[in-house]
Amino acid sequence: MLRFILRRLLAGVILLFAVSSLAYLLLYLGAGDIARQILGQEATQEQVQQLNTRLGLDQPLLTRYFGWLAGAVTGDFGASWFTNQPVIAAITSRLAVTLSLVIGTVTLTAIVGTALGVWAARKRGAADRTVQIVSVLGFAIPGFLIAIFLVNLFALNLKLFRPTGYIPIGTSFTGWLSTVTLPIIALAIGAIAAIAAQVRGSVIDTMRQDWVRTLRSRGLSENRVLYKHVLRNAGGPALAVLAVQFVGLLGGAVIVEQIFAIPGLGPIATQSTGQGDIPLVMGLVVVTAALVVVVNIVIEILHGFLNPKARIS
Amino acid sequence: MSESAIIPPTEVATEVRAARSHIGRRILKNPTGLAAIIVLSLIVLSAIFADLLAPMSPTTPNIQEVLAPPGEGGHVLGADSAGRDVLSRLLFATRFSLAGALWAVLIAAVIGVTSGLIAGYYQKFFEQFSVWVISIIQALPGIVVLLAARAVVGPSLWIIMAVFGLILSPAFYRLTYAAVVGVRNELYVDAARVAGVGDLSIIGRHILSVVRAPIIIQAALLSGIGIAVQSGLDFLGLGDPNVPTWGQMLSDAFSRMYQQPLLLVWPAAAIAFTSIALVLFGNALRDELERAAGKPKKRRRGSAAYTPDTSGPAPVVHAEDREDGRPTLLEVNDLVVGYDQPDGTVKQVVNGVSLKVKKGEVHGLIGESGSGKTQTAWSILRLLPAGGRIVAGTVFFDGKDLAHLSEKEMTKIRGRRISYIPQEPMSNLDPSFTIGSQLVEPMRVTLGISKAEATKRALGLLARVGLPNPQKTFDSYPHEVSGGQAQRVLIAGAVSCEPDLIIADEPTTALDVTVQAEILDLLRELQNDLHVAILIVTHNFGVVADLCDRVSVMQHGKIVETGPARSIFKDPRHPYTKSLFDAILEDGAARGPLAHSADRNMLEEGAAR
């Protein structure tokens, strides 16, 4: 197990290296005259020169790249060109917010998606059709549209509470819950649709397996076989979909955070993108890529736990 | 042309193509598909003719008419925060949002399909290379890549959506790759290659025609995602302000939500309707394709079914050779098993079977495949596959009619009173649990004993069924044992709760000849020790001769001859029974009817091989 994790970690590090190198080179090659863009057209040539030197942009690209890499290994991604705040500090202070949102969404998705999928697979008929229609709608309608709808509904029509803003989980758990509930619902609907469709399909497939009949023939009730045996076997493919959803949710959170005014990675991602703050963009790329690598490893370990054939000792 | 010279492959290909060309027509008959196509057509037409339809300029601001309500100042849908006409903006936004999404999908399709074709057709290096590129592309959420690209290239709709096309391309790659790998080794493609048709020609003619429809489905679904992502980026304010899009309208409306909430409705409805129509179109197309491809599958499943045959003659009944006074344990009367068909009819697979199994007796149910033996066995356990049910008849077991018992009562019968040995050992153990836990769980549930006691019993049973290292097998997962061992495990499971009747469905068919003999020995030993009744389904007279006290011969879902095994062997009367015996004689002596020592003969036969 340990060797398996180590091997996956090594592959993840290689992938991370490839992605960040590619991103660095493409970002700087494509960026053009950065100092001029930051200072605007009115700046003198001298000012531009000065800024270039201050930002280290007068060095050759490869030298800068290796310098960045050496820093990145120790967690130093440089500083924002606009606020001078260290990139790593800007990201870590907000990463927890986004992660709490995404993890909350994944948890809700796993529970509701599985329940709906099993329900549709078991009852078939009307229940099945309902879940399928909900799946189509959930898949089709973008999450941020749902987010806008929710804000609109709660802020304008119900006037129940101010639906935007954020209270850290450390300050007040119930406060946190009240601020993340709507964003999580907005994010989760699409993911729930995907998981429900997947679980429904794999439960129906698994129920047709020979061993289900044999276990039933031993005197185990249908529910017991379903919840203990079928679900565990159907869980593998659903986990794979959940991993894909997790990655998608990291992206979806960027927009949804903007709508709900949540101070996660979304706002700085949008801001740094609009300004062309490349060190911050690079930091975000590396951190999200690292998150994706970690999530994939966790999912593979879970998969090995569910499926002994996938287990590598 | 050389291609027309290859008759069989082109024939196959035209057949395939003909089947597919119906899809175009069929999707129009599919109500969902038709509705989606109508909605999409209207949207596309309004985008194309935006210049003609739009009453005003979509970009000219007018300070006097900021947030004008619908109908005021000639603004049919009102004016936005800069006083621009909402209807005009919506029409042009439709044009650019759709074009952006389609542009991304086009790029994705070109990259994905081309690389999928190359990787699938030539494989080797290019395949590995593609796997790496895909893992890099998918190492980041799409939005993050787009944000990074936006940071560099600025607010260009076309460049950003081209990058998104690259991100989407693995979807097309996978689909094409899988299709190509599936098709490239088909006989008609081989034939074309042998006939000297060039690679490009083969790809164009045989492979693209296979992936065309799936590509359209995928394109429809990805267009929806393209619209969502494009609108999302523009909503964040990262788009080109000179190009009106749904996302920008949404962003503008969202910032003025408290003043003019109606503004949100138009772009939101446009995005929602377009996305839903695209998904419904893709789903409808897939349904029609699956329906077209699903037909032969259904036909194959139906091959086990026969039209009801209630007219035939009564079965030949042999007289009892000795009256042993054993009470009847199981009595099946006029059992009819049917499967519900999609068109509402019921397809009968068992047409009135009657049979009796006495306490402690081994009863063979013999017949060719598809004669309904297994269906009979499953219906006694009430474990028919989905859609199957007992249509008529009774199944009396120990005084209770199992055909009409509640599911809860039936669960109490299974395992404890009637148990089951399946045909194919390897597929009848849950691959995710250890063998031990699959033995322990039923004992704990049906006998209500403790885990420790159940474990002890399970180990004892594993030793009893002849497994050399019970503890090791107990701890193993199903994929770690051989087929013969798995069958012993299943037999151990069948006897674990001390049932009165075991239903064994061809327990040796899937095994090697030598192992077959050992399993039969084991069954006989267990039967002698436990005095359990066995209903054994088989098509092998050697098994019958070896084990059975009584035989019922089944054909077309009915019993045609029944009686003591000895009597039927001596004097088979029904023509079908006779033909079964003849078939054995052709097979060779090893499985012959004289085999009281059939197992030994089998062993010798196995050794000789």
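Keep in mind the model is a prediction, meaning the values are calculated, not measured.

A.B. asks: Can you explain the overall build of chain A? Please cite residues and give values.
C.D. replies: Counting its secondary structure elements, chain A contains 12 helices and zero strands. For chain A, the succession of helices and strands along the chain, N to C, is α-α-α-α-α-α-α-α-α-α-α-α. Taking the principal axes of its C-alpha atoms as reference, chain A extends roughly 85 × 55 × 35 Å. Among the 313 residues that make up chain A, the fraction classed as buried is 42%. The long-range fraction of contacts in chain A, counting pairs at least 24 apart against all pairs at least 6 apart in sequence, stands at 73%.

A.B. asks: Pulling in residues and values, what's your account of the environment of Gly104(A)?
C.D. replies: With respect to the helices and strands, Gly104(A) occurs in helix H5 (residues 87–123). With residues near it in sequence (within four places) discarded, Gly104(A) still touches Val180(A) and Ile184(A).

A.B. asks: Lay out the confidence of the model for chain A with the relevant residues and their values.
C.D. replies: Here chain A shows a mean pLDDT of 87. Residues at 70 or above account for 97%. Of all helices and strands in chain A, the one with the weakest mean pLDDT is helix H2 (residues 34–39) of chain A (75), whereas helix H9 (residues 210–217) of chain A scores best (94).

A.B. asks: So what about the sheet that holds strand S6 (residues 400–401) of chain B? Which residues, and what values?
C.D. replies: Residue and element names in this part refer to chain B. Reading across from one edge, S3-S2-S5-S6 is the order of the four strands in this open sheet, with antiparallel pairing throughout. Pairing within the sheet leaves two strands with one partner each, and these edge strands are strand S3 (346–358) and S6. Bridging between strand S5 (residues 388–397) and S6 involves two bridges; their strand directions are antiparallel. Its bridge partner being in S6, Phe-397 is matched across the sheet by Lys-400.

A.B. asks: Kindly report on the packing of helix H6 (residues 142–153) of chain B against helix H9 (residues 199–235) of chain B, identifying the contributing residues and their values.
C.D. replies: Residues and elements named next belong to chain B. Relative to each other, H6 and H9 sit at 50°, their axes nearing to 11 Å. For the element pair H6 / H9, the angle class is oblique. Of the two elements, H6 crosses H9, and the hand of that crossing is right-handed. Contacts between H6 and H9 pair Gly-142, Ile-143 and Leu-146 from the former with Val-229, Gly-232 and Leu-233 from the latter. A class-by-class count of the residues in the contact of H6 with H9 yields four nonpolar, two polar and no charged.

A.B. asks: Can you explain the domain arrangement of chain A? Please cite residues and give values.
C.D. replies: Residues and elements named next belong to chain A. For chain A, the assigned domains read domain 1 (2–66) and domain 2 (87–312). Summarising the inter-unit geometry, the C-alpha centres of domain 1 and domain 2 are found 33 Å apart. Facing 15 residues of domain 1, the contacting portion of domain 2 comprises 13 residues. Among the elements that take part in the side of domain 1 that touches domain 2, helix H1 (residues 2–31) stands out by supplying 14 residues, more than any other. Grouping the amino acids of the side of domain 1 that touches domain 2 by side-chain chemistry returns 11 nonpolar, three polar and one charged.

A.B. asks: Report on the nonpolar core, specifying residues and quantitative values.
C.D. replies: Core analysis: the biggest nonpolar cluster contains 250 residues, and Ile148(A), Val285(A), Leu146(B), Leu501(B), Ile503(B) and Ile536(B) have the highest contact counts within it. Inspection of this core shows a minimum of three residues originating in each of domain 1 (2–66) and domain 2 (87–312) of chain A. Every residue in contact with Ile503(B), bar those within four places of it in the chain, is listed here: Ala377(B), Ile380(B), Leu381(B), Ile418(B), Tyr420(B) and Leu535(B).

A.B. asks: Please set out helix H12 (residues 373–381) of chain B residue by residue, giving values where relevant.
C.D. replies: Residues and elements named next belong to chain B. Summarising burial for H12: nine of the nine residues are buried, a large majority. Every buried residue belonging to H12 is among Lys-373, Thr-374, Gln-375, Thr-376, Ala-377, Trp-378, Ser-379, Ile-380 and Leu-381, and all of these are buried. Looking at the residues trailing H12, positive phi occurs at Arg-382, about 55°.

A.B. asks: Account for the interface of chain B and chain A, naming residues and giving values.
C.D. replies: Many analyses report the size of an interface as the accessible area lost when the parts associate. At the interface, 61 residues of chain B touch 58 residues of chain A. Those elements that provide at least two residues to the side of chain B that touches chain A are helix H5 (124–137), H6, H9, helix H10 (246–255), helix H11 (262–302), strand S7 (418–421), helix H14 (435–447) and helix H17 (483–495) of chain B. Looking at the side of chain B that touches chain A residue by residue, the classes come out as 38 nonpolar, 17 polar and six charged.

A.B. asks: Give a description of unusual backbone geometry that names residues and reports values.
C.D. replies: The phi dihedral of Ala261(A) falls on the positive side, at around 50°, and the residue is not glycine. Tracing the backbone through its elements, the reader meets Ala261(A) in the loop between helix H10 (222–260) and helix H11 (265–275).

A.B. asks: Mind laying out the pairing of strand S9 (residues 533–538) of chain B, listing which residues take part and the relevant values?
C.D. replies: Residues and elements named next belong to chain B. Burial within S9 is extensive, with six of its six residues counted as buried. The side-chain alternation of S9 yields two buried faces, one formed by Ala-533, Leu-535 and Val-537 and the other by Ile-534, Ile-536 and Thr-538. Sheet topology note: the strand S4 (residues 362–366)/S9 ladder contains five bridges and is parallel. Directly across from Gly-364, in S9, lies its bridge partner Ile-536. As paired strands, strand S8 (residues 501–505) and S9 are joined by five bridges and run parallel to one another. In the strand pairing of S9, Ile-503 is matched with Leu-535. Since S8 and S9 lie parallel, the crossover through helix H18 (residues 513–530) that links them has a hand, and here it is right-handed.

A.B. asks: Please set out the confidence of the model for chain B residue by residue, giving values where relevant.
C.D. replies: Residues and elements named next belong to chain B. Of the residues in chain B, 88% reach a pLDDT of 70 or more, and the chain-wide mean stands at 82. Counting interchain partners and residues more than four positions distant, the pLDDT-below-50 stretch residues 295–308 has 10 contacts. Across residues 587–609, confidence stays below pLDDT 50; counting only partners more than four residues off in sequence or on other chains, it has 35 contacts. Two numbers describe this predicted complex: its pTM, 0.82, and its ipTM, 0.85.

A.B. asks: Explain H10(B) to me, using residue names and the numbers behind them.
C.D. replies: A large share of H10(B) lies buried, amounting to nine of its 10 residues. Residues of H10(B) that are buried include every one of Trp246(B), Gly247(B), Gln248(B), Met249(B), Leu250(B), Ser251(B), Asp252(B), Ala253(B) and Phe254(B), and no others.

A.B. asks: Please set out the sheet that holds S4(B) residue by residue, giving values where relevant.
C.D. replies: Residues and elements named next belong to chain B. The sheet built from seven strands is open, its strands ordered S1-S11-S10-S4-S9-S8-S7 with mixed pairing. Only two strands of the sheet have a single partner each, and these edge strands are strand S1 (316–317) and S7. As paired elements, S4 and strand S10 (residues 550–555) share four bridges and run parallel to each other. Residue Leu-365 lies in a different strand from S10, and its bridge partner there is Ser-552.

A.B. asks: Before we move on, could you go through the environment of Ala188(A) and cite the residues and values that matter?
C.D. replies: Residue and element names in this part refer to chain A. Turning to its location among the elements, Ala-188 is positioned in helix H8 (residues 173–207). Note: C-alpha distance between Ala-188 and Ala-110 (78 residues apart in sequence) is 9.5 Å. Ignoring sequence-local partners within four residues, the contact set of Ala-188 consists of Thr-105, Leu-108 and Thr-109.

Rules used throughout
- Residues numbered from 1 in each chain as written.
- Chains lettered and ligands numbered in written order.
- Predicted model: local features only at pLDDT ≥ 70, side-chain atom pairs only at ≥ 80, totals over all residues.
- Helix = DSSP H or I, 4+ residues; strand = E, 2+ residues; numbered from the N terminus.
- Buried ≥ 20, exposed ≤ 12 C-beta atoms within 10 Å, placed from the backbone.
- Contact = placed C-beta atoms within 7 Å.
- pLDDT = per-residue confidence, 0-100.
- Pairing = 2+ DSSP bridges.
- Axes fitted to C-alpha atoms, helices over the stretch in contact; angles between N-to-C directions.
- Parallel < 35°, antiparallel > 145°, perpendicular 65-115°, else oblique.
- Left-handed = near helix turned anticlockwise from the far one by under 90°.
- Nonpolar A, V, L, I, M, F, W, Y, C, P; charged D, E, K, R; others polar.
- Domains from an automatic or database assignment.
- Core = buried A, V, L, I, M, F, W, Y, C linked by C-beta atoms within 7 Å.
- Right-handed = clockwise from strand over helix to strand, strands pointing away.

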